[in-house]
Amino acid sequence: PARWLPAPLTSFLARDQEIAEVSALIGRDDVRLLSLTGPGGVGKSRLAAESLPLLHHRLGLPISVVELAGVTRGGAGAALAAGPGLRGEADAGTEELVEFLIAVPHLLVLDNCEHLLPELAPLVTTIARRCRDVRVLATSRHRLGVTTELLLPLAPLRLPDPGTTTGSQESVASVRMFGDRVRRLRPAFAVTADNATQVGELCRRCDGLPLALEIAASRVAT
């Protein structure tokens, strides 16, 4: 189901509960559009990608991922129409897409929507109204603003409290992720009494954002 996605190069940590929640929500009969929202770098796209195998098993639908980050304004419709089953049809429009989805329902994953909201909202509304068996999973910093939209805000990873001990820090999600990424560069790295304070402060300064933690970990070698 995830053949449109590059294979992840890093482990996926601390989001098992969120994957289960995505599957449970989008599997409900009354949910046609689920939007994962949150600040940049919080892990919305990765959560959507990691949820696909479970969603495919639960829904039994073909999955098509439409990456919108590089799409400029005015191009949302063409990007969607060139997605599921219509790749190569340069002149395919909304009507062709809708007719295809009526005949062959899909799970549409719309990734990085925030800069195209005025265009996407009416398109997704049309799909929701006319394609009864289609489900849409969107990632965006802001809600799409569609009537049928259900929001799932994604929070940053949990942070260690100031003054916590080394042992208790190792179970905190942000510290676990930072340590995992550092060990890709320095396999012997561990959170110890000597560095626990610095690691905890670094995680807090990164606000628990996975992208910020990855960047910080990549600079440990320097």
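What comes next is a walk through the structure. Sequence order sets the numbering: in each chain, residues are counted from 1 along the sequence as written. The predicted origin of the model limits local features to residues at a pLDDT of at least 70 and limits the giving and counting of side-chain atom pairs to 80 or more, whereas totals for whole chains, interfaces and linings rest on all residues. Side-chain metrics in this entry use all non-hydrogen atoms of the structure; hydrogen atoms and water are not considered.

## Focus on the packing of aromatic side chains
Applicable threshold: Within 6.5 Å between ring centres, the rings of Phe, Tyr and Trp (the latter by its six-membered ring) count as paired, and their orientation is classed by plane angle as stacked under 30 degrees, edge-to-face over 60, tilted in between. Put simply, DSSP H or I for four residues or longer makes a helix, DSSP E for two residues or longer makes a strand, and each gets a number counted from the N terminus.
Across all of its chains, the model carries one aromatic pair by this definition. When the centroid spacing of 6.2 Å and the interplanar angle of 85° are considered together, the rings of Phe178 and Phe189 count as edge-to-face. Of this pair, Phe178 sits in helix α7 (residues 173-182) while Phe189 sits in the loop between α7 and α8 (196-205); the two residues are 11 residues apart in sequence, bridging distant segments of the chain.

## Notes on helix α2 (residues 44-59)
To keep things clear, this is the line we draw: Axes are fitted to the seven residues ending at a residue and to the seven starting at it; the angle between these axes is taken as the bend at that residue. Each residue gets one of three labels from its accessible area relative to the maximum for its type: buried under 20%, exposed over 50%, partly exposed in between, using a 1.4 Å probe on protein chains only. In this analysis, two residues are considered to be in contact whenever any of their non-hydrogen atoms come within 4.5 Å of each other.
If you look at α2, its biggest bend is around 45°, right at Leu52, and the proline Pro53 turns up within four residues after that. All of the buried residues along α2 are Lys44, Leu47, Ala48, Ser51, Leu52 and Leu55. Along its buried surface, α2 packs onto α1 (16-26), β1 (33-37), β2 (63-67), β3 (107-111) and β4 (135-140). Positive phi shows up at Gly60, right after α2, with a value of about 70°.

## Here we look at the sheet that holds β1
The cut-off we apply is this: When DSSP finds two or more bridges between two strands, those strands count as paired. For helices, the fitted line uses only the C-alpha atoms of the stretch in contact; every axis is such a line through C-alpha atoms, and the angle between N-to-C directions lies from 0 to 180 degrees.
If you trace the five strands from one edge of the open sheet to the other, you get β2-β3-β4-β1-β5, paired in parallel fashion. Of all the strands in the sheet, the pair left with one neighbour each is β2 and β5 (149-153). The average undirected angle you get between the axes of adjacent strands in this sheet is 20°. As paired elements, β3 and β4 share four bridges and run parallel to each other. When the bridges of β4 are listed, Val109 appears paired with Leu137.

## A closer look at empty space enclosed by the protein
Worth spelling out the cut-off: With a 1 Å grid laid over protein atoms only, a set of points is called a cavity when a 1.4 Å probe fits there but cannot get out and a pocket when it is open yet has protein on both sides within 12 Å along at least five of seven lines; lining residues have an atom within 4 Å of a point. Grid points are joined across faces, edges and corners, and a volume is the space filled by probe spheres set on the points. Residue polarity follows a fixed list, in which Ala, Val, Leu, Ile, Met, Phe, Trp, Tyr, Cys and Pro are nonpolar, Asp, Glu, Lys and Arg are charged, and the others, Gly among them, are polar.
On inspection of all chains with the given rule, the structure shows one cavity of 30 Å³ or more. Forming the boundary of the largest cavity are Arg32, Leu33, Val124, Ile127, Ala128, Val134 and Val136. Ranked by residue count, the leading element in the lining of the largest cavity is helix α5 (residues 117-130), at three residues. Class assignment for the residues of the lining of the largest cavity results in six nonpolar, no polar and one charged.

## Re the nonpolar core
Applied cut-off: Nonpolar cores are built from buried Ala, Val, Leu, Ile, Met, Phe, Trp, Tyr and Cys residues. Side-chain atoms within 4.5 Å join them into one set.
In terms of nonpolar packing, the biggest core is built from 26 residues, with Leu68, Leu80, Leu110, Cys113, Ile127 and Leu144 touching the most fellow members. Mapped by element, the contributors of at least two residues to this core are α3 (76-81), α4 (94-103), β3, α5 and β4. Ranked by residue count, the leading element in this core is α5, at six residues. For Ile127, the residues in contact, after removing those within four places along its chain, are Arg32, Leu80, Leu97, Val98, Leu101, Leu108 and Val134. Among the nonpolar cores identified, the runner-up in size contains 20 residues, and Ile19, Leu55, Val109 and Leu152 belong to it.

## Quick notes on the pattern of salt bridges
Should the charged atoms of two oppositely charged side chains come close, the side chains can pair. Selection criterion: Salt bridge criterion: a side-chain nitrogen from Lys or Arg within 4 Å of a carboxyl oxygen from Asp or Glu.
Using the criterion set out here, one finds nine salt bridges in the structure. Residues Arg130 and Glu95 are paired through a salt bridge, measuring 3.0 Å at the closest nitrogen-oxygen approach. With Arg130 in helix α5 and Glu95 in helix α4, the pair connects residues that are 35 residues apart, well separated along the chain. Relative accessible area serves as the criterion here: at 37%, Arg130 is assigned to the partly exposed category. A relative accessible area of 37% places Glu95 in the partly exposed class.

## Re the packing of α7 against α8
To be explicit about the condition: The scheme is simple: roughly parallel for angles under 35 degrees, roughly antiparallel for over 145, roughly perpendicular for 65 to 115, oblique for anything else.
Taken N-terminus to C-terminus, the directions of α7 and α8 make an angle of 105°; their axes are 10 Å apart at the nearest point. When the interaxial angle is binned, α7 and α8 end up roughly perpendicular. Touching Ser174, Val175 and Phe178 of α7 are Val199, Leu202 and Cys203, all from α8. Of the residues contributing to the contact of α7 with α8, the split by class is five nonpolar, one polar and no charged.

Nothing here speaks to function; it is geometry throughout.
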